[in-house]
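Observations on chain architecture
Given next are the chains, with one letter for each unit.
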Amino acid sequence: MTQPRSQIVSPSRTRYYHCVSRCVRRAWLCGEDSYTGRNFDHRKPWLLERMKLLAEVFAVRVAAYAVMSNHYHVVLYLDLEQGRSWSRDEVIGRWRRLFRGDPLVQSHLRGELRGGMESRQLDALVETWRARLCDLSWFMRCLNEHLARRANAEDECTGRFWEGRFKSRALIDEAALLSCMAYVDLNPVRAGLCRDLRESDFTSIQARLRGVAEAARERGRSGGASPARRLGPILMPFRGDDAERSGPAADGSGETAHLPFGLGDYVELVDWTGRIARPDKRGAIPKEVPAALSVLGLSGVQWRALSLDIQRKAITMFHGLDRLAAWEGRRTKKAA
């Protein structure tokens, strides 16, 4: 039974969410349609361009993404503190990057507000917009509606483009977040579309790896620290990876949300997990357990269970470590 979005999205419990949207028509979102023979690869940048704009406008951060042939995955973080810090004019400016606005706003911008009544009406309108700019559903709505209209215009048709509302899953703890991000970044590898993380086109892991390579080249040319840059659609930086940051936060506070683990540990873990998923690709699983697992207190066997056996079934509102302990208990009983 479909749950109300208010029961799924609860910022008081977690700020991280895994969202998926899938096409309804045989005409794919991206990639090559074997039925019609048409190729839609040119649509993949559409999604990234739009996501980049929305990440600049909304108080929503992109932690991971993967654009596949007929669906896409994205892991998002709700940065509510940033949204609360915006001034009235900043909220108006952000909203008007996507929508026309309101006659009352036009009067405000021209300095023609008449009296306290109109000022209070404007304040109420701005608070409505602020709430929407911090809202997961509004972010996904602005992303999916734009893509649907653009694809329908290209296909010269009307009607539904997505099979339904986007699916969202709350990621309660760091184990759930880490396993979900790895799952998203490994989508092309598991689908057999590539053999290497660097070849994993239109994923956040590829964008991050390219950003690291770019930073190394810049350091080699300048002999100093790499300049500020943006990775993909304003990807969230990792903890301690200052070189990956894209400069001060959009609210001008100098602070920005970051993922609770290091980039190097994450890349190592994704690569290691990819070898579990595709053992025929690049040899056996190394004996060394990635550092990220040690931080979480997980063994290699536990991570295998979480990323392969559990993840497909249980990323819905689950406490990763609690679910893992329950799974191990059931397995032990069966073995006995």
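Details of the side chain of Arg94
With respect to the helices and strands, the residue Arg94 is situated in helix H4 (residues 88-95). At 2.7 Å, the side chain of Arg94 forms a polar contact with the backbone oxygen of Glu56.

As for the packing of aromatic side chains
For any two aromatic rings, the description comes down to two numbers: the centre-to-centre distance and the angle of the planes. The final tally for this structure, using the stated rule, is 11 aromatic pairs. Consider the rings of Tyr16 and Tyr77, whose centres lie 4.9 Å apart with planes at 45°: the pair is tilted. Remark: Tyr77 occurs in strand S3 (residues 71-78) and Tyr16 occurs in strand S1 (residues 16-22); sequence separation between them is 61 residues. In terms of burial, Tyr16 and Tyr77 fall into one category: buried. When the ring of Phe238 is compared with that of Phe261, the centres are 5.9 Å apart and the planes differ by 45°; the resulting orientation is tilted.

Some details on unusual backbone geometry
Residue Glu156 is not a glycine yet carries a positive backbone phi of 55°. Along the polypeptide, Glu156 turns up in the loop between helix H7 (136-155) and strand S4 (167-170). Accessibility expressed as a relative area gives 74% for Glu156, which makes it exposed. One non-glycine residue with positive phi stands out, namely Phe202, at about 60°. Along the polypeptide, Phe202 turns up in the loop between helix H9 (187-190) and helix H10 (204-222). The class of Phe202 is partly exposed, set by a relative accessible area of 24%.

About the thresholds
- Residue positions are given per chain, counting from 1 as you read along its sequence in written order.
- In keeping with the predicted nature of the model, local features appear solely for residues at pLDDT of at least 70, side-chain atom pairs appear and are counted solely at 80 or more, and the whole-chain, interface and lining totals rest on all residues.
- Water and hydrogen atoms play no part in the side-chain values, which are based on all heavy atoms of the structure.
- Helix and strand labels come from DSSP, where a helix needs a run of H or I of at least four residues and a strand needs a run of E of at least two; each type is numbered from the N terminus.
- Side-chain atoms alone can form a polar contact between residues adjacent in sequence; in general such a contact is a pair of N or O atoms within 3.5 Å, and within protein one must be able to donate a hydrogen while the other accepts it.
- In this scheme Phe, Tyr and Trp rings, the latter by its six-membered ring, pair at centre separations within 6.5 Å, and the angle between planes marks the pair as stacked below 30 degrees, edge-to-face above 60, and tilted otherwise.
- Buried residues are those whose accessible area, probed at 1.4 Å on protein chains only, stays under 20% of the maximum for their type, while exposed residues exceed 50% and partly exposed ones sit between those limits.

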